[in-house]
Amino acid sequence: AKSLRMRALLLVASAAVAVALNFLVWWGSYRPVTVELSTADPPRSISFAPFHRGQSPLVQVFPTPAEIESDLKAMSGRVRAVRTYTSLEGMEVVPRLAGKYNLKVTHSAWLGTRPVINAQEISALIDAANRHPETVERVIVGNEVLLRKDLTQRDLINYIRTVRSAVKQPVSYADVWERWIENPGLADEVDFVTVHILPYWEDHPVGVALARQHIADVYEIVKARFPNKPILIGETGWP
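Residues numbered from 1 in each chain as written. Predicted model: local features only at pLDDT ≥ 70, side-chain atom pairs only at ≥ 80, totals over all residues. Heavy atoms only, no water.

### A short note on the nonpolar core
For step 1, the next point in the chain: Core analysis: the largest hydrophobic core is formed by 33 residues, its most contacted members being V141, V163, W180 and V193.
For step 2, the next point in the chain: Only α4 (115-131), β4 (136-143), α5 (145-148), α6 (153-164), β5 (171-176), α7 (177-182), β6 (193-197) and α8 (208-225) provide two or more residues apiece to this core.
For step 3, the next point in the chain: In this view, V163 contacts I122, L125, I126, V139, V141 and V171; residues no more than four positions away in its chain are not counted.
For step 4, the next point in the chain: I68, M75, V82 and V105 belong to the second-largest nonpolar core, a separate cluster that totals 14 residues. (Core = buried A, V, L, I, M, F, W, Y, C linked by side-chain atoms within 4.5 Å. Buried < 20%, exposed > 50% of the residue type's maximum accessible area, 1.4 Å probe, protein only. Helix = DSSP H or I, 4+ residues; strand = E, 2+ residues; numbered from the N terminus. Contact = heavy atoms within 4.5 Å.)

### Let's talk about unusual backbone geometry
For step 1, the next point in the chain: Not every positive phi belongs to a glycine, and E144 is a case in point at roughly 55°.
For step 2, the next point in the chain: Despite not being glycine, K149 shows a phi value in the positive range, around 65°.
For step 3, the next point in the chain: Structurally, K149 is set in the loop between α5 and α6.

### Points about a nonpolar patch on the surface
For step 1, the next point in the chain: Together, L58, V59 and V61 line one region of the surface with nonpolar side chains, adding up to about 320 Å² of accessible area.
For step 2, the next point in the chain: Topologically, V59 is positioned in the loop between β1 (45-47) and α2 (65-75). (Patch = residues over 30% accessible without salt bridge, like charges linked within 9 Å, V, L, I, M, F, W, Y side chains within 5 Å. Areas by Shrake-Rupley, 256 points an atom, 1.4 Å probe, with all protein chains shown as cover. Salt bridge = Lys/Arg side-chain N within 4 Å of Asp/Glu carboxyl O.)

### Examining the environment of S172
For step 1, the next point in the chain: Within the fold, S172 resides in strand β5.
For step 2, the next point in the chain: In sequence terms S172 and I140 are 32 residues apart; their C-alpha atoms lie 4.7 Å from each other.
For step 3, the next point in the chain: Residue contacts for S172: discarding those within four places in its chain leaves V139, I140, V141, V190, F192, V193 and T194.
For step 4, the next point in the chain: From its side chain, S172 meets the backbone oxygen of F192 in a polar contact 2.6 Å long. (Polar contact = N/O pair within 3.5 Å; in protein donor to acceptor, adjacent residues only side chain to side chain.)

### Some words on the side chain of T106
For step 1, the next point in the chain: Mapping T106 onto the fold places it in strand β3 (residues 104-109).
For step 2, the next point in the chain: Dropping the residues within four chain positions of it, T106 is found in contact with V82, R83, T84, R138 and I140.

### Topic: the pairing of β4
For step 1, the next point in the chain: The buried count for β4 comes to six of eight residues, which makes it a mostly enclosed element.
For step 2, the next point in the chain: One crossover worth recording links β3 to the parallel β4 by way of α4, and it is right-handed.
For step 3, the next point in the chain: In this sheet, β5 lies alongside β4 in parallel orientation, the contact comprising three bridges. Its bridge partner lying in β5, V139 is registered against V171. (Right-handed = clockwise from strand over helix to strand, strands pointing away. Pairing = 2+ DSSP bridges.)

### Quick look at the sheet that holds β5
For step 1, the next point in the chain: Taking strand neighbours across the sheet as the criterion, the seven strands line up as β1-β2-β3-β4-β5-β6-β7 in an open arrangement whose pairing is parallel. Each edge of the open sheet carries a strand with a single partner, namely β1 and β7 (231-236). Geometrically, the sheet is characterised by an average inter-axis angle of 25° between neighbouring strands, direction not taken into account.
For step 2, the next point in the chain: Across five bridges, the pairing between β3 and β4 is parallel. Paired with A109 across the two strands is V141, which belongs to β4. (Axes fitted to C-alpha atoms, helices over the stretch in contact; angles between N-to-C directions.)

### Quick word on the pattern of salt bridges
For step 1, the next point in the chain: Here the structure, examined in full by the defined rule, presents nine salt bridges.
For step 2, the next point in the chain: Note that R80 is salt-bridged to E137, the shortest N-O span being 2.9 Å. One end of the pair, R80, is in the loop between α2 and β2 (81-83); the other, E137, is in strand β4, and 57 residues separate them in sequence.
For step 3, the next point in the chain: For R80, a relative accessible area of 39% translates into the label partly exposed.
For step 4, the next point in the chain: Of the residues examined, E137 reaches a relative accessible area of 21% and is grouped as partly exposed.
For step 5, the next point in the chain: Between D150 and R148 there is a salt bridge, and its shortest N-O distance comes to 2.8 Å.

### Comments concerning α2
For step 1, the next point in the chain: Residues I68, E69, L72 and M75 constitute the buried set of α2. Buried residues of α2 fall within an arc of 125° about the axis and therefore sit on the same side. Exposed residues lying more than 90 degrees from the buried face of α2 are A66 and K73.
For step 2, the next point in the chain: Against β1, β2 and α3 (94-100) lie the buried residues of α2.
For step 3, the next point in the chain: Downstream of α2 by one or two residues, G77 has phi in the positive range, about 85°. (Arc of directions from axis to C-beta.)

Here you go:
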């Protein structure tokens, strides 16, 4: 009995040590690190998904117009522009309100597996772009659709062509940079190429010390692959 108790205590102690070591490794690898800003200038644009506590597309609770206006007002003078991800779900008011606070908008349609919703997104995007041409300076049709495998390239191209024929603003599609390299024909369908370069989430992740150089290197790769298209970095940063 004494031997069994000793063995049990050793197992508990070993487990405790393992948990402590695991915590130390995790903490050491993922603890927040302060990095200096590379410029004093305000950001040219930021991604704008203004969800407040308790709001999410997953629960179908979306920001109110008043909450969206409050956020846009807070950003006025601090950023030049915002990028949306959907033309529905309460974001219909963004082009009008952004103009009120001297913010430009890269407006988007969220595309997925449901054709009815996709059609509504496309219709709302076209309407917003044509109704607020002084604020909506470019549009994006779909976000990481190929990465999620929600649509085929052909279906995506059809949506892009529909929007491109109906608005005056430059039109693009947004995805991680690897998907652009794998689907070069997409560049023929857009006015500019929108890439996401996220070192932490890459297929082969890059550490924070090399993240900035990685972004610059990937930009040059994409630029070389599509020399006749403007390149927009649609997402970047570090969690």
